[in-house]
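Residue-level structure breakdown
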Amino acid sequence: MRLTVIKANFIPFFFLALLLAMTSSCSVLKSTKVKNYPIGKPFVFKNQVVLNADISKDEKNRLTTDLDNYWDDSLKSREIKQFFIFTKIKNPPVFDSANVTRSVNFMNAYLNSQGYYYASFKDSVKVDSVNDQLRTTVTININLGKNITIDSVSFDLGDSTLQKLTRQEEKNTFLKKGVPYTKQVFNSELDRLVGLYRQNGFFNFTREDIYVLVDSADAKLFQLTLDPFKQAQIIAEADRNRRINPKWDVTVLKRPTFDSSELTQYHIGKLYYYPETKITDATDSLPDQKGFLEFKRNELVMRYKKGLFNYIPLQEHTYLHSGDLYNENKYFKTINTLGQLGAWQQVDGKPVPRGKDSLDIYFFLVPAIKQNYTIDLEGSRNTADIGLGNLWGISTNFTYNNRNVWKRAIQSIATFRTGVELNILTTNNDQLIQTFLLNLGHTYVFPKLILPFKGWKGLENLDNKRTLFSVNGTYIDRREYYQLRSLVTSWGYEWKKGNNTWLYKPLNIELYAIDKLPKLDALIKLNPFLKASFNEGKVVSQSLTFIKNFSTQKNPNKSHYIRFGVEEAGGILGLISGLKDQIYRYVKVEAEYRKLIKMGRTDLAWRAFAGVGYNYGQDPVIGKTLPFFKQFSAGGPYSMRAWGLRQLGMGSSIQSDTISTTNYRDRFGDMQLEANVEYRFPLVTVAGVKIASAFFADMGNVWNVKKDVADPKANFAFGNLIKDLAIGVGSGLRIDFSYFLIRLDFAYKVKDPARQYNNGWMTDFKLAEYRQNGLKVNNYAFQLGIGMPF
């Protein structure tokens, strides 16, 4: 007897239903238990806010969610979700109608702060008897009314300099005609103005010095008339306008000044640095202490005792200059930048007025531990085809970090790794050591952009400027198979501006040399997929990566991540005839977008990725595809989770499944498309460890870009896109220890392009199936990952 779970015709509907289930609250499955309830008395079981308004869906959802937080505490049922499905209510409050009035008042006050002054409220109470429980559902229906908008805006600061600054930046105001009134808009405008003034020398100006005056009266009411009927008509018309289209006039005013320093523009005086401050030092008393050595360079004064630091990184990362107007943004930017260099664990600052209009700035920097090292020991098991298989590996990693090279806050990271793979499970007479690995690497991180030309405009507006230089050499000796030597070095720049991060590598060199031994040649004949993994081409490339993280003020619960990268190799050197069969020539482009929507205690996350590379070298010696270490792959804990690592693709090809002589079936392609969606929800907390779960779906594949006559199904074609897409669904656990997260996922192949029936869709729920050549293929995968998949 065979149990059929899902019919082929219903597969698309099954996938759609799963996605809908991930975004729903699973109310059908939810079961509610009530504990410690008052017997014989109605108690609050459920609260509902019903909002009736002609507004956008997002605005309605926002207001409804916020209003739910304004129930009186004595009228709020506290639900505790367990294992996502079950809901428990403990100690529900006794229902009291007086608490409804207080809740209405709280909600009305909140709506007033959002510009809704004409809302009307109507409450209803329903009592359901469940055994000996009197479950009470309290509902408040709200007719929102019209939102008040700003009609006119004016500024009266009472000072010519403030008034001039305000006019110059008026285009950036939050107060604009037609904008809905909210207290948040007013607060944002006052913060903007105070920030503007403090960026232009007004060090003592604060939020308490300005305020917003609102005029809600209709100007027509001030018209003089002796006709009582005309006056009644004006009043009626004003009331009608107030209901239909309420508008207010807004004026920003300065409070009376009692301290003249509030209107004083301060200039930067001297800059004092204490780069050897102890964590236990009282920074307020340091400027008065004796016994410091001093180094002076123009306005810079460095006070020290041991001479651990050079003045250059302090000068290069200070955005304040003597004689300039005090700028609060540049002040905090200096503190943040110095703190991010790595040489200091803590940076504090203190502006001190001197004279009539001067500010001396004191910086107190607590040094970080200059040097540290780590030693790791790793174990592994290799069951691949290259070698005997079932080899046990052991390796050690030594890392040395110096955070203050040459006293200039330059970071140096040196790594050394060595290891062996041992033949301890086979019974033949092969040697014990089968593989030997040796790796040396060194990276320098310079806290500035080292450029061939000076004086480039705009560099001061960049943050976290760094120059990166790295070199890495590796030697691998796999006995009787190959000897591999590689040297990889790069020079690059990294910087930030606002929410945007840029990484540009003008030079990246990857040199490889391999000596193929007889056993490897024999293995490649059995498995052609291995050939691309042992190409001897070299890479000389440059790359540019752009990353942006942001969320909007309107929707702070939605965060966005955008990444775009491009790499070009061999464009110039590939033209040299002597290098044509040695240098890869390709262009590779990647784009990724992620979005996370927080919905109370649950999250909805999704990701889209697209990448393509094109080898335009057309060289028959090193191949017509990208080097395998630059190609795309799918499967594993961070990609298509229903497939093993690098086990999906290419396209609808089954060529890799036909190779029964070896276990090596890794698939690499020059193009990848992938989309993922997850609905994440908490389960339980045990001993401070948060355990959560998720429902997810993955869709995508990898392809060849250039046509392969021997395997045409591996090529990308728009006409075959739907057929080639793989789909996996699943669920899992997330165990959050705060400092790291362990993820266990189970995923099932709903649609596998390698299936030769039903267009790849599943027909029955089978944990495994057999290909035409007898190869057994699992329809599921367990994945172990660290951190979220995206």
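See above for the structure.
Notes on the structure follow. (Residues numbered from 1 in each chain as written. Predicted model: local features only at pLDDT ≥ 70, side-chain atom pairs only at ≥ 80, totals over all residues. Heavy atoms only, no water.)

**A closer look at the overall build of the protein**
Selection criterion: For helices the rule is a DSSP run of H or I covering at least 4 residues; for strands it is a run of E covering at least 2, with both sets numbered from the N terminus onward. When a residue's accessible area, from a 1.4 Å probe over protein chains only, is under 20% of the maximum for its type it is buried; when over 50% it is exposed; and in between it is partly exposed. When checking whether two residues touch, look at their non-hydrogen atoms; a contact exists if any pair is within 4.5 Å. Accessibility throughout is a Shrake-Rupley quantity obtained with a 1.4 Å probe, and a residue counts as covered only by protein chains that appear here.
Of the regular secondary structure elements, the protein holds ten helices and 32 strands. Each of the 790 residues in the protein was classed as buried or not, and the buried ones make up 42%. When contacts within the protein are restricted to residue pairs at least 6 apart in sequence, those whose partners lie at least 24 apart make up 64%. On the protein, roughly 42,200 Å² of surface is accessible, and the fraction owed to carbon and sulfur atoms is 56%.

**Topic: the packing of helix α2 (residues 57-67) against helix α3 (residues 97-113)**
Applicable threshold: Structural elements are reduced to axes, namely lines fitted to C-alpha atoms, with helices fitted over the stretch in contact, and the angle between N-to-C directions of any two is expressed from 0 to 180 degrees. Should an angle lie under 35 degrees it is considered roughly parallel, over 145 roughly antiparallel, and from 65 to 115 roughly perpendicular; all remaining angles are considered oblique. By convention, the crossing between two helices is left-handed when the near helix turns anticlockwise from the far helix through less than a right angle, and right-handed when the turn is clockwise. Gly is put with the polar residues, along with every residue not named as nonpolar or charged; the nonpolar set is Ala, Val, Leu, Ile, Met, Phe, Trp, Tyr, Cys and Pro, and the charged set is Asp, Glu, Lys and Arg.
Axis separation between α2 and α3 bottoms out at 10 Å; the angle between their running directions is 140°. By the angle between their directions, the pair α2 and α3 is classed as oblique. Between α2 and α3 lies a crossing of right-handed hand. Along its contact with α2, which presents Arg62, Leu63, Asp66 and Leu67, the element α3 presents Met107, Tyr110 and Leu111. Its residues assigned to classes, the contact of α2 with α3 shows five nonpolar, no polar and two charged.

**Notes on α3**
So the rule is basically this: Helix span, as expected, comes to 1.5 Å for every residue beyond the first. Throughout this description, a polar contact denotes any pair of N or O atoms lying within 3.5 Å of each other; where both atoms belong to protein, one of them has to be capable of donating a hydrogen while the other can accept it, and for residues adjacent in sequence the pair is counted only when both atoms sit in side chains.
Counted at 1.5 Å a residue, the expected span for α3 with its 17 residues is 24 Å, and the 25 Å between its end C-alpha atoms agrees. Residues Asn99, Val100, Ser103, Val104, Met107, Tyr110, Leu111, Asn112 and Ser113 constitute the buried set of α3. Turning to α3, the residues buried within the fold contact β2 (42-52), α2, β5 (120-130), β6 (133-143) and α5 (183-198). Where α3 begins, the side chain of Asp96 points an oxygen toward the backbone nitrogen of Ala98, at a separation of 3.1 Å. Just downstream of α3, Gly115 is the residue with a positive phi angle, here 90°.

**Examining the pairing of strand β22 (residues 539-551)**
What counts is decided by this rule: Any two strands between which DSSP finds at least two bridges are classified as paired.
Here strand β21 (residues 500-516) runs beside β22; their pairing, made up of nine bridges, is antiparallel. Residue pairing in the sheet places Thr501 in a bridge with Ile547 of β22. Taken together, the eleven bridges between β22 and strand β23 (residues 558-569) define a ladder with antiparallel strand orientation. For Ile547, the partnering residue across the bridge sits in β23 and is Arg563. Counting the residues that bridge the hairpin from β22 to β23 gives six residues.

**With respect to the packing of helix α4 (residues 160-168) against α5**
Relative to each other, α4 and α5 sit at 115°, their axes nearing to 10 Å. α4 and α5 meet at a crossing whose hand is right-handed. Two secondary-structure elements touch here, α4 through Leu162, Leu165 and Thr166 and α5 through Leu193, Leu196 and Tyr197. Tallied by class, the residues present in the contact of α4 with α5 amount to five nonpolar, one polar and no charged.

**A closer look at the sheet that holds β5**
What the three strands build is an open sheet, ordered β2-β6-β5; its pairing is mixed. Where the open sheet ends on each side, the last strands, each with one partner, are β2 and β5. Within this sheet the neighbouring strands show an average axis-to-axis angle of 20°, counted without direction. Bridge count for β5 against β6 is eleven bridges, and the pairing is antiparallel. Paired with Lys126 across the two strands is Thr137, which belongs to β6. Across the sheet, α2 touches β2 and β6, and the angle it forms with β2 is around 155°. α3 rests against β2, β5 and β6 of the sheet, and its axis sits at about 30° to β6.

**As for α2**
The cut-off we apply is this: The directions from the helix axis to the C-beta atoms are what the arc is built from.
Turning to α2, its buried residues number three or more, namely Glu59, Leu63 and Leu67. The buried residues of α2 occupy an angular sector of 60° when projected down its axis, which confines them to one face. Away from its buried face, by an angle of more than 90 degrees, α2 presents the exposed residues Lys57 and Thr65. Its buried side turned inward, α2 meets β2, α3 and β6.

**Focus on the packing of aromatic side chains**
Note the following rule: Ring geometry is summarised as follows: Phe, Tyr and Trp rings, the Trp one being its six-membered ring, pair when their centres sit within 6.5 Å, and such pairs are stacked at plane angles under 30 degrees, edge-to-face over 60 and tilted between the two.
Scanning the model with the defined rule gives 42 aromatic pairs in all. With 6.5 Å between their ring centres and 70° between their planes, Tyr197 and Phe202 make a pair best called edge-to-face. Both residues of the pair, Tyr197 and Phe202, belong to the buried class. Ring centres 5.9 Å apart and planes at 55° place the aromatic pair Phe469 and Trp491 in the tilted group. With Phe469 in strand β19 (residues 463-478) and Trp491 in strand β20 (residues 482-497), the pair connects residues that are 22 residues apart, well separated along the chain. The partly exposed category is assigned to Trp491, whose relative accessible area is 25%. Within the aromatic cluster, the residues linked to one another by ring pairs are Phe203, Tyr266, Tyr273, Tyr326, Tyr331, Phe332 and Phe363.

Just distances and angles here, no functional claims.
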